[in-house]
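Structural description and commentary
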Amino acid sequence: MKKNLVVLTGAGMSAESGISTFRDSGGLWERYRVEDVASIEGWMRNPELVQNFYNTRRKELIKAQPNAGHTQLAALEKEFDVHIITQNVDNLHERAGSTSVLHLHGELMKVRSVYNDKHIYELSPEHCEISMDDRDKYGDPLRPHIVWFGEAVPMIGPAIEITESADIFVVIGTSLNVYPAAGLLQYVKHGVPIYLIDPKPVNAPQNMAIHFIRKGASEGVAELTQILTSQQPPK
């Protein structure tokens, strides 16, 4: 029976693919005020600015490719039941071949009705730009399918359940400063091994036994793969 390998990923997971991070030097928050493009108040003030911001992010994403870290996580499905919980809104995990991906903060290639958050629509690479004039089949205007700051995180409940089922828990490329995602570590069962992959210092809980791999996503997942597969019993 395969072990449950649960992986929490953040912006550092996709940085090697050329996806702009938010918090690092030169990141998006140095070029845009978070209040303007990632809050409901910003949307109410200037929805066209917000639409254009996410249209630009989509065009960047379409040009990007999964990096070796993404593909190596997908390859681990041969040995483990891999469940990815990501703070990222890109679709690089899916494009790399991962089959179980939960998006905590929404998905960039989707939009939804302003009036009904259950009416969600997937965009294609050929038609990835949304204007204020676009409407769904019910006549509703559309907004990015993104969880903005101050909004509820509807997928946190399922993410907690997945975390509680982990036999191995891995954190890759996240500062652990954004809640409720950072709080998932508190739901890892006692005795479950935890690995944290990041080349920079991370604000990790001091009361947990964490194995640090101080490398970027691709090199870090390669080292993790070596560690985990060497511990697998022979078939």
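Here is what the cut-offs are and how they apply
Residues numbered from 1 in each chain as written. Predicted model: local features only at pLDDT ≥ 70, side-chain atom pairs only at ≥ 80, totals over all residues. Heavy atoms only, no water. Helix = DSSP H or I, 4+ residues; strand = E, 2+ residues; numbered from the N terminus. Contact = heavy atoms within 4.5 Å. Pairing = 2+ DSSP bridges. Axes fitted to C-alpha atoms, helices over the stretch in contact; angles between N-to-C directions. Salt bridge = Lys/Arg side-chain N within 4 Å of Asp/Glu carboxyl O. Buried < 20%, exposed > 50% of the residue type's maximum accessible area, 1.4 Å probe, protein only. Arc of directions from axis to C-beta. Polar contact = N/O pair within 3.5 Å; in protein donor to acceptor, adjacent residues only side chain to side chain. UniProt positions renumbered as here; feature names shortened; annotations may be inferred.

**What to know about the environment of G216**
Inspection of the secondary structure assignment puts G216 in the loop between β9 (210–213) and α9 (217–230). Sequence spacing of G216 and D198 is 18 residues, and the spatial spacing of their C-alpha atoms is 5.6 Å. Beyond its immediate stretch of four places on either side in the chain, G216 contacts E16, I197, P199 and V221.

**Things to note about the sheet that holds strand β4 (residues 106–113)**
Taken in spatial order, the 3 strands line up as β5-β4-β6 in an open sheet, and their pairing is antiparallel. In the strand order of this sheet, the two ends are held by β5 (120–122) and β6 (142–146), each with one partner. Taking each pair of neighbouring strands and ignoring which way they run, the sheet shows an average axis angle of 45 degrees. For β4 and β5, the ladder comprises 3 bridges, and the chain directions are antiparallel. Counted as the bridge partner of K110 is E122 from β5.

**What about the pattern of salt bridges?**
Enumeration over the complete set of coordinates arrives at 8 salt bridges. K59 is the salt-bridge partner of E129, the closest N and O atoms lying 3.9 Å from each other. Note that E129 is positioned in the loop between β5 and β6 and K59 in helix α5 (residues 47–63), a separation of 70 residues in sequence. K59 sits in the partly exposed class, given a relative accessible area of 37%. The closest approach of N and O atoms between K200 and D198, which form a salt bridge, is 3.8 Å. Overall, the relative accessible area of 42% leaves K200 in the partly exposed class. On the basis of relative accessibility, which here comes to 6%, the residue D198 falls in the buried class.

**A look at helix α6 (residues 68–75)**
Along α6, the residues classified as buried are G69, H70, L73 and A74. Angularly, the buried residues of α6 cover 140 degrees about the axis, an arc narrow enough to put them on a single face. Those residues of α6 that are buried lie in contact with β1 (4–9), α1 (11–14), β2 (81–86), α7 (92–96), β7 (168–172) and α9. Put simply, N67 is the residue that caps the front of α6, since its side-chain oxygen is 2.8 Å from the backbone nitrogen of G69.

**Regarding the pairing of β6**
Summarising burial for β6: 5 of the 5 residues are buried, a large majority. Where β4 lies against β6, 4 bridges are found, and the strand directions are antiparallel. Paired with R112 across the strands is R143, a residue of β6.

**As for the UniProt feature "active site" (unreviewed entry) in the chain**
Residues annotated by UniProt as "active site" (unreviewed entry) correspond here to H105. Relative to the assigned elements, H105 resides in the loop between β3 (101–103) and β4. Looking at H105, the relative accessible area reads 15%, which means it is buried. Among residues more than four places away in sequence, those in contact with H105 are T86, Q87, V89, H145, I146, V147 and V178. At 3.2 Å, the side chain of H105 and the backbone oxygen of Q87 are in polar contact.

**Some words on unusual backbone geometry**
Non-glycine residue L176 carries a positive phi angle of around 60 degrees. As for its placement among the helices and strands, L176 is situated in the loop between β7 and β8 (194–197).

**Quick word on the sheet that holds β8**
Pairing in this open sheet of 6 strands is parallel, and the strands run β3-β2-β1-β7-β8-β9 from one edge to the other. The open sheet has two edge strands with one neighbour each: β3 and β9. The sheet shows a mean angle of 20 degrees between the axes of neighbouring strands, direction not considered. Inspection of the sheet shows β8 paired to β9 by 4 bridges, in the parallel sense. Counted as the bridge partner of L196 is F212 from β9.

**Remarks on the pairing of β1**
Within β1, 6 of the 6 residues are buried, leaving the element largely enclosed by the surrounding structure. Residues N4, V6 and L8 of β1 are buried on one face, and the alternating residues L5, V7 and T9, pointing to the opposite face, are buried as well. As paired elements, β1 and β2 share 6 bridges and run parallel to each other. When the sheet's bridge partners are listed, V7 is paired in β2 with I84. Inspection of the sheet shows β1 paired to β7 by 5 bridges, in the parallel sense. Within β7, the residue paired with T9 across the bridge is I172.

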